Amino acid sequence: EAGLSALSQSRQLLERYEEIEADIRNSQREPRDVIRVGTPPSFGTHHLAPLVARFTARHPDIQIVLSLDDGSANLIAQGLDLSVRIGLPVEDRGERLQPLTKAPQVLVASPAYLRKHGTPRELADLTRHNCLVHNLKSPTNIWRFTGPRTDEKGGAEASIRVRGSIASNFGEALQHAARLGHGISLHPYYMVSDDLKARRLVVVLPEYEPLELDITILSSSRQSLPARVRKFLEFLQDWARTPPGWTVPTRARLGAQSQERGVPART
């Protein structure tokens, strides 16, 4: 009788063990739980948040937590699964690096600033202007451009060292200072497209195209990615295969806008 009782309870334990094992396997295959993602504030607000909303609508069991990341966060220390980085090529710190797309940049100033201080006509003119520098994207105060086209292959690369009264690792601070007429700033097009449409800012030196920034996704290489994180990364990669309009190089975009207005594009 004691043996039969032990056998019955053992069968129940084995059945429960199999259920637990199945749950673990399913949790590895099916995305669920929390994904913590670091992002620059402007990109996170205007572009990543709508993507997150679409993803979580498809996967309601997943919560995505967006955290401010200026590009210096340590994924392990901050508890991040992924981090969106926008800027120069990322230093190798033993992390996985997944290229996503490009972010064209544009040089801008307010109409009030240009009326007061004049409009630069050549790259060298920037040395006489108050330039608002992002000290993470341009740590040595050097802005790099592709110059005016000289043949079908395009213009040569050019660079210039600039200086100004305001520097920051926070792009929105420089954008706001530019709107207020304090100087010339350099931003990804996605940050200032609304300002350009509303004429709060205008393009400076359209013949010179700032070098594009890389948009990459970082993840820790110390462990394999959970299923939920892989699923979100695949979602972002699918989105990047048909990139939005703000990823079109600045010169091509400005040329198309000029043609729409019936104005010959400057090359």
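Above this text sits the structure in question.
In this report, the structure presented in the accompanying data block is examined.

Calculation rules
Residues numbered from 1 in each chain as written. Predicted model: local features only at pLDDT ≥ 70, side-chain atom pairs only at ≥ 80, totals over all residues. Heavy atoms only, no water. Axes fitted to C-alpha atoms, helices over the stretch in contact; angles between N-to-C directions. Helix = DSSP H or I, 4+ residues; strand = E, 2+ residues; numbered from the N terminus. Parallel < 35°, antiparallel > 145°, perpendicular 65-115°, else oblique. Left-handed = near helix turned anticlockwise from the far one by under 90°. Contact = heavy atoms within 4.5 Å. Nonpolar A, V, L, I, M, F, W, Y, C, P; charged D, E, K, R; others polar. Buried < 20%, exposed > 50% of the residue type's maximum accessible area, 1.4 Å probe, protein only. Arc of directions from axis to C-beta. Core = buried A, V, L, I, M, F, W, Y, C linked by side-chain atoms within 4.5 Å. Pairing = 2+ DSSP bridges. Expected span 1.5 Å × (residues − 1).

Some remarks on the packing of helix α5 (residues 171–179) against helix α6 (residues 189–197)
Inference 1: Across the interface, α5 lies against α6 with an axial gap of 11 Å and an inter-helix angle of 20°. When the axes of α5 and α6 are compared, the pair comes out roughly parallel. Seen along the crossing, α5 lies across α6 with a hand that is right-handed. Touching Gly171, Glu172, Gln175 and Arg179 of α5 are Met191, Val192 and Asp195, all from α6.
Inference 2: Tallied by class, residues from the contact of α5 with α6 come to two nonpolar, two polar and three charged.

Side note on α5
Inference 1: Listed as buried for α5 are Gly171, Leu174, Gln175, Ala177 and Ala178. Viewed along the axis of α5, the buried residues span an arc of 160°, placing them on a single side of the element.
Inference 2: Check the buried side of α5 and you find it contacts β6 (131–134), β9 (167–168), β10 (184–188) and α6.
Inference 3: Following α5 by one or two positions, Gly181 adopts a phi angle in the positive range, close to 90°.

Quick word on the nonpolar core
Inference 1: Phe43, Leu48 and Phe232 are the most contacted members of the largest nonpolar core, which has 38 residues in total.
Inference 2: Of the residues forming this core, the biggest block, seven residues, is contributed by helix α7 (residues 227–241).
Inference 3: The contacts of Phe232, once residues within four sequence positions are left out, are Ile35, Val37, Leu48, Val52, Phe55, Ile64 and Leu82.
Inference 4: In this structure, Leu114, Leu126, Ile184 and Leu205 belong to the second largest nonpolar core, which totals 18 residues.

Structural notes on the sheet that holds strand β11 (residues 202–203)
Inference 1: Judged by pairing direction, the sheet is mixed, and its five strands sit side by side in the order β9-β6-β10-β5-β11 without closing on themselves. Both outer strands of the open sheet, β9 and β11, are each paired with one neighbouring strand and no more.
Inference 2: With two bridges connecting them, strand β5 (residues 105–109) and β11 associate as antiparallel partners. Directly across from Val108, in β11, lies its bridge partner Val203.
Inference 3: Strands in contact with α6 are β5, β10 and β11; relative to β10, the strand with the most contacts, it is inclined by about 120°.

Considerations on the sheet that holds strand β8 (residues 157–161)
Inference 1: An order of β8-β7-β12 is seen for the three strands of this open sheet, with the pairing classed as antiparallel. Two strands close off the open sheet at either side, each with one partner strand: β8 and β12 (209–210).

Some words on α7
Inference 1: In this model, α7 (15 residues) spans 21 Å end to end at C-alpha, consistent with the 21 Å of a helix rising 1.5 Å per residue.
Inference 2: Of all the positions in α7, only Ala227, Arg228, Val229, Phe232, Leu233, Phe235, Leu236, Trp239 and Ala240 are classed as buried.

What about the pairing of β5?
Inference 1: With five of its five residues buried, β5 lies for the most part within the structure.
Inference 2: Of the two faces of β5, the one holding Gln105, Leu107 and Ala109 and the one holding Val106 and Val108 are both buried throughout.
Inference 3: Two strands pair when backbone bridges link them, and β5 and β10 are joined in this way by four bridges, in the antiparallel orientation. Following the sheet pairing, Gln105 is matched in β10 by Pro188.

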